[in-house]
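Each chain is listed here by its residues.
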Amino acid sequence: NLEKYNHFLDLGSGDGSVVLLASLFTKASGIEIDDDLLKAGVNIRNKLKLNAHFVHGDYNLHDIHQYDVIFVNPDKPFYRELDTFLRDYKGIVIVYSEHFLPSDMKLVKDLRKQNVNALLYKN
């Protein structure tokens, strides 16, 4: 149901596949620090002529309050930085996989019941 959101953000967007898919339904952006991965996403976006935006940089330095849904596939526990980073965020956070989950946010929907390995959280 991404079409009901105004602006989607992928933290650590990698090659951009999630951002590119989200751009089919809503305004979508991704932040990636690895230059090669970012370029891969931009190249795919350009070839497919999709409306996705990519930012090269550290998401910790980015203002996330302009987005109403954030996607993250964490590669380390939330308590190491993501809990603090997302503490005042008012939108929905989609956490892909169940390896590292937020400790300070409320689970609002478990998409695993719909065969999607993701959980929705909110402050």
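A few points on the structure. For clarity, every value in this text was computed on a predicted model and none was experimentally measured. (Residues numbered from 1 in each chain as written. Predicted model: local features only at pLDDT ≥ 70, side-chain atom pairs only at ≥ 80, totals over all residues. Heavy atoms only, no water.)

All right, on to unusual backbone geometry then. Even without being glycine, Ser-97 reaches a positive phi, approximately 75°. Within the secondary structure layout, Ser-97 lies in the loop between strand 5 (92-96) and strand 6 (106-110). Judged by its relative accessible area of 6%, Ser-97 falls in the buried class. (Helix = DSSP H or I, 4+ residues; strand = E, 2+ residues; numbered from the N terminus. Buried < 20%, exposed > 50% of the residue type's maximum accessible area, 1.4 Å probe, protein only.)

With that settled, consider helix 2 (residues 35-48). With 14 residues, helix 2 should cover 20 Å at 1.5 Å per step; its first-to-last C-alpha distance of 20 Å lies within 8% of that length. In the core, the buried residues of helix 2 are packed alongside helix 1 (17-22), strand 2 (27-32) and strand 3 (52-56). (Expected span 1.5 Å × (residues − 1). Contact = heavy atoms within 4.5 Å.)

Moving on, we get to the pattern of salt bridges. In total, this model carries 5 salt bridges according to the counting rule given. Between Asp-110 and Arg-112 there is a salt bridge, and its shortest N-O distance comes to 2.6 Å. The partly exposed category is assigned to Arg-112, whose relative accessible area is 34%. Ionic contacts of the salt-bridge type, sharing partners, join the residues Glu-98, Asp-110 and Arg-112 into one network. (Salt bridge = Lys/Arg side-chain N within 4 Å of Asp/Glu carboxyl O.)

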